Amino acid sequence: MRVICIESSTWAYSKRPEEIGTLSVQKGSIYHVTSSVDAEEIRKDERFRNAGDGTWYELLELTGWHHSMRFLEIPDDKVEEAVDELELVKNN
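Residues numbered from 1 in each chain as written. Predicted model: local features only at pLDDT ≥ 70, side-chain atom pairs only at ≥ 80, totals over all residues. Heavy atoms only, no water.

**Student:** What should I look at first to understand the pattern of salt bridges in this one?
**Tutor:** Any two side chains of opposite charge can pair if their charged atoms end up close together. Following the criterion strictly, the structure yields 5 salt bridges and no others. In this structure, R43 and D53 form a salt bridge, with 2.4 Å as the shortest nitrogen-oxygen distance. Remark: D53 occurs in the loop between α1 (39-42) and β5 (55-59) and R43 occurs in the loop between α1 and β5; sequence separation between them is 10 residues. Residue D53 is classed as exposed on the basis of its relative accessible area, which comes to 61%. (Salt bridge = Lys/Arg side-chain N within 4 Å of Asp/Glu carboxyl O. Helix = DSSP H or I, 4+ residues; strand = E, 2+ residues; numbered from the N terminus. Buried < 20%, exposed > 50% of the residue type's maximum accessible area, 1.4 Å probe, protein only.)

Laid out in structure tokens, this is it:
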């Protein structure tokens, strides 16, 4: 799945302290979602106990988790589906 960012955001938490307060996602940028998790699941990690309700995305292009409220899903188009099917045929 791909998403487009509709609201820029800065890091509130990061494994790298130098990232805190710097831009984490950029409005208008397109990202690839590699996984998603519900807030209840992410809150099990003590560092994210105050995570907002909803879905959190892990993105291919960035580290960390990013709240889905800052993104809109981009529907897959038919060309992309055809390429995926072709790759499946080639790999089998």
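**Student:** Can you help me understand the environment of K44 in this one?
**Tutor:** Considering the arrangement of structural elements, one finds K44 in the loop between α1 and β5. A distance of 3.1 Å separates the side chain of K44 from the side chain of E41, its partner in a polar contact. (Polar contact = N/O pair within 3.5 Å; in protein donor to acceptor, adjacent residues only side chain to side chain.)

**Student:** Honestly, the sheet that holds strand β6 (residues 65-67) in this entry has me stumped. Any pointers?
**Tutor:** Hydrogen bonding along the main chain pairs the strands of a sheet, whether they run parallel or antiparallel. What the 5 strands build is an open sheet, ordered β6-β5-β4-β1-β7; its pairing is antiparallel. Edge positions in the sheet fall to β6 and β7 (71-74), since each has one partner strand and no second. Taking the axes of each pair of neighbouring strands and ignoring which way they run, one obtains an average angle of 50° across the sheet. Bridge analysis of strand β4 (residues 30-38) against β5 gives 5 bridges, and the strand direction is antiparallel. Counted as the bridge partner of S36 is Y57 from β5. (Pairing = 2+ DSSP bridges. Axes fitted to C-alpha atoms, helices over the stretch in contact; angles between N-to-C directions.)

**Student:** For this particular structure, what's the right way to read the nonpolar core?
**Tutor:** Most often, soluble globular proteins keep nonpolar side chains buried together rather than apart. Counting residues in each nonpolar core, the largest one holds 8 residues, listed as V3, C5, V25, Y31, V33, Y57, L59 and F71. Elements with a contribution of two residues or more to this core: β1 (2-5), β4 and β5. The next biggest cluster of nonpolar side chains, apart from the first, holds 6 residues, and it includes V37, I42, A51 and W56. (Core = buried A, V, L, I, M, F, W, Y, C linked by side-chain atoms within 4.5 Å.)

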